[in-house]
Amino acid sequence: MIEVKNYIDGQWVGFDGPSFESFNPTTGAKVARAPVSDAAAVAASVAAARRAFNEGGWRWTKGSVRAAALLKLADMLESRSAPISELIAREMGKPVRVNMAREVEGAVDKLRYFAGAARFLEGSVTGSTVPEIWDMVLPEPAGVAALIIPWNDPVDLAVRKLGAALAAGCTAIVKSSEITPASTAALIEAVHDSGAFPPGVVNLLSGPGQPTGDALVDHPGVDKISFTGSTATGMRIMERAARRLAKVSLECGGKFPAIITEDADLERCLDAVTYGAFMYGGQSCTACTRLVVDRRLHDRVVEGIVERSRKLPMGDPLDPTMLVGPMASRKQYDKAVSYIRLGIAEGARAVIGGVPADQSSLFLPPTVLVGGPVDGRVAREEVFGPVLVIHPFADEAQALAIANNTPYGLGGSVWSQDINRALRLARRLDVADVWINTHYIRHVETSFGGRHHSGLGRELGMAGVEEYLSWKRLCIDTRSEFHLKNWFEGPSK
Ligand code: NAD
């Protein structure tokens, strides 16, 4: 079993308080033991990050120095891609093939982007003043950043925050998820072993929401909180952070609709939405969870999805041919099954899958629900499991009404070969991220975020780096004539 330690001030720190364990969802075996970090551990990590920011001078380092450090980390992580991908597969069941191709390689690419971003931070000088007045806005790092991440991409989601924070000149405390402490610790081991970061610039804490998350969010020394996880936790964090006006950005849940119009390229669409719905058991915030289909295509779409779902390679996540492993935890499995049960109770019919007769393992085959109400809970709430609902529509207005009928606003897609129609629908989808005729393409160069219950702020791209900046306006008057000189002389006659 892996013993995960906290990483504070450049040291792996032993802990003799309470601990918790992570489990292999395929075998049930223990994978790691990690500390339940308490308020004292939080305070030590915040103090270390503060020292590194101020006395250590990380905030004043040149962009090129931060870039070099991030590039070194990228190389170190890349050299460990295979073992870290296997560890993620063992700790949360995501297939090693997905981890190699998407998670770890994606994280390496992001670190290289953020290295470049460290050298591209720009403020502005207004060109509207007289030339003797320099009126400008300067980017400064926000300070100590708490980075709270979930379990579904335990390396990549940490890198999205950590790379941006370090590029901006912040110091950081990463808090891993209680499901995947070892996977995120493997990233921090790469930080340590790269030797590229002074002590205290990057810190790691393990522990659950209570007490660890709360203590981190409440700590007055934390200037910026960046969170990815459920909407309920995001709301709690924002409420607590509001008490001291800490900067917050939130990447929360989603309920992704795909609108499939009558002129869609159906083969391509069905391949993409089946992959989008069920890859690693639908445990992705931008998993495709609802198909809103032209009613003339409804039966063909249902048949096509069922046929493809049967062929999905599901099994041991360490087998490099698999695309779907077990659900990450018993809690996640039970939640998905309860939504399948609920969907059926609401009037839907499972055309494949359904409530499994044998629930002893955490492997949950795809479920496709048809005929349920568009305002049912399973149609509107996030399941975060392999559950896809399909609704027919009669015209574009109805398609949009169904697609937008959820409190979330993360992502959606439109499938049409008529570019005017595709763009019309894309503009009217009330989400922050739209794919047209594709799914799961993401580039670090373009920023990403959610609206409504899906979050606040941006991640990736330069906008993602700016989340870790604090702007300073600076005005210099070089004129010899002081503009307030006459102010004390009374009104002119
Ligand atoms: P979660 O909210 O249960 O936990 C997320 C993290 O928050 C964990 O590290 C957890 O320990 C911590 N946490 C819990 N309570 C806290 C508190 N009171 N204070 C501070 N931290 C606290 O979410 P989860 O089950 O780990 O992740 C699944 C969710 O994440 C889904 O809703 C999914 O949609 C969302 N997600 C969103 C994105 C995105 O980019 N929008 C990406 C991935 C996952």
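Scroll up a little and you will see the structure.
Attention in this report is confined to the structure presented alongside it. These numbers come from a predicted model, not from an experiment.

## Points about the overall build of the protein
- Scanning the protein from N- to C-terminus turns up 15 helices and 25 strands.
- A compact globule built from 493 residues should have a C-alpha radius of gyration of about 23 Å, and the protein, at 25 Å, falls within 12% of that.
- Referenced to the eigenvectors of the C-alpha coordinate spread, the extents of the protein come out at roughly 85 × 65 × 40 Å.
- Every one of the 493 residues in the protein was classed for burial, and the buried ones make up 56%.
- Put simply, of all contacts in the protein between residues at least 6 apart along the chain, 74% involve residues at least 24 apart.
- In the structure as shown, the protein presents an accessible area of about 20600 Å², 53% of it carried by carbon and sulfur atoms.
- Mean positive and mean negative side-chain charge positions of the protein (54 and 56 charges, respectively) differ by 2 Å.

## Details of the pattern of salt bridges
- According to the stated counting rule, one finds 32 salt bridges in the structure shown.
- Between Glu140 and Lys472 there is a salt bridge, with the nearest N and O atoms lying 2.9 Å from each other. With Glu140 in strand E7 (residues 133-141) and Lys472 in strand E25 (residues 469-477), this pair connects stretches of sequence that are 332 residues apart.
- On the basis of relative accessibility, which here comes to 18%, the residue Glu140 falls in the buried class.
- According to the relative accessible area criterion, Lys472 is partly exposed, its value standing at 38%.
- Taking the shortest distance from any N to any O, the salt bridge between Asp430 and Arg451 comes out at 2.8 Å. Taken together, the residues span a long stretch of sequence, with Asp430 in the loop between helix H14 (419-428) and strand E20 (433-436) and Arg451 in strand E22 (residues 451-452) at a distance of 21 residues.
- The exposure class of Asp430 is partly exposed, given its relative accessible area of 32%.
- Look at Arg451 and you get partly exposed, because its relative accessible area is 35%.
- One network of salt bridges, in which partners are shared, links Glu3, Glu21, Lys30 and Arg33.

## With respect to the side chain of His219
- With respect to the helices and strands, the residue His219 is situated in the loop between helix H7 (209-218) and strand E11 (224-228).
- Within the structure, the side chain of His219 is placed 2.8 Å from the backbone nitrogen of Gly221, a separation counted as a polar contact.
- Excluding residues within four positions of it along the chain, His219 makes contact with Val42, Ala43, Val46 and Arg244.

## Quick word on helix H6 (residues 181-194)
- For H6, spanning 14 residues, the distance from its first C-alpha to its last is 20 Å, which sits close to the expected 20 Å at 1.5 Å a residue.
- Where burial is concerned, most of H6 is hidden: 11 out of the 14 residues are buried.
- Buried within H6 are the following residues: Pro181, Ala182, Ser183, Thr184, Ala185, Ala186, Leu187, Ile188, Ala190, Val191 and Ser194.

## Some points on unusual backbone geometry
- In this model, Gln210 is joined to Pro211 through a cis peptide bond whose omega is 10°.
- We note that Phe384 has phi near 60°; this positive angle belongs to a residue other than glycine.
- Mapped onto the secondary structure, Phe384 falls in the loop between helix H12 (377-380) and strand E17 (387-393).

About the criteria used
- Residues numbered from 1 in each chain as written.
- Predicted model: local features only at pLDDT ≥ 70, side-chain atom pairs only at ≥ 80, totals over all residues.
- Heavy atoms only, no water.
- Helix = DSSP H or I, 4+ residues; strand = E, 2+ residues; numbered from the N terminus.
- Rg over C-alpha atoms; globule rule 2.2 N^0.38 Å.
- Buried < 20%, exposed > 50% of the residue type's maximum accessible area, 1.4 Å probe, protein only.
- Contact = heavy atoms within 4.5 Å.
- Areas by Shrake-Rupley, 256 points an atom, 1.4 Å probe, with all protein chains shown as cover.
- Lys, Arg positive; Asp, Glu negative; His and termini not counted.
- Charge placed at Lys NZ, Arg CZ, Asp CG, Glu CD.
- Salt bridge = Lys/Arg side-chain N within 4 Å of Asp/Glu carboxyl O.
- Polar contact = N/O pair within 3.5 Å; in protein donor to acceptor, adjacent residues only side chain to side chain.
- Expected span 1.5 Å × (residues − 1).

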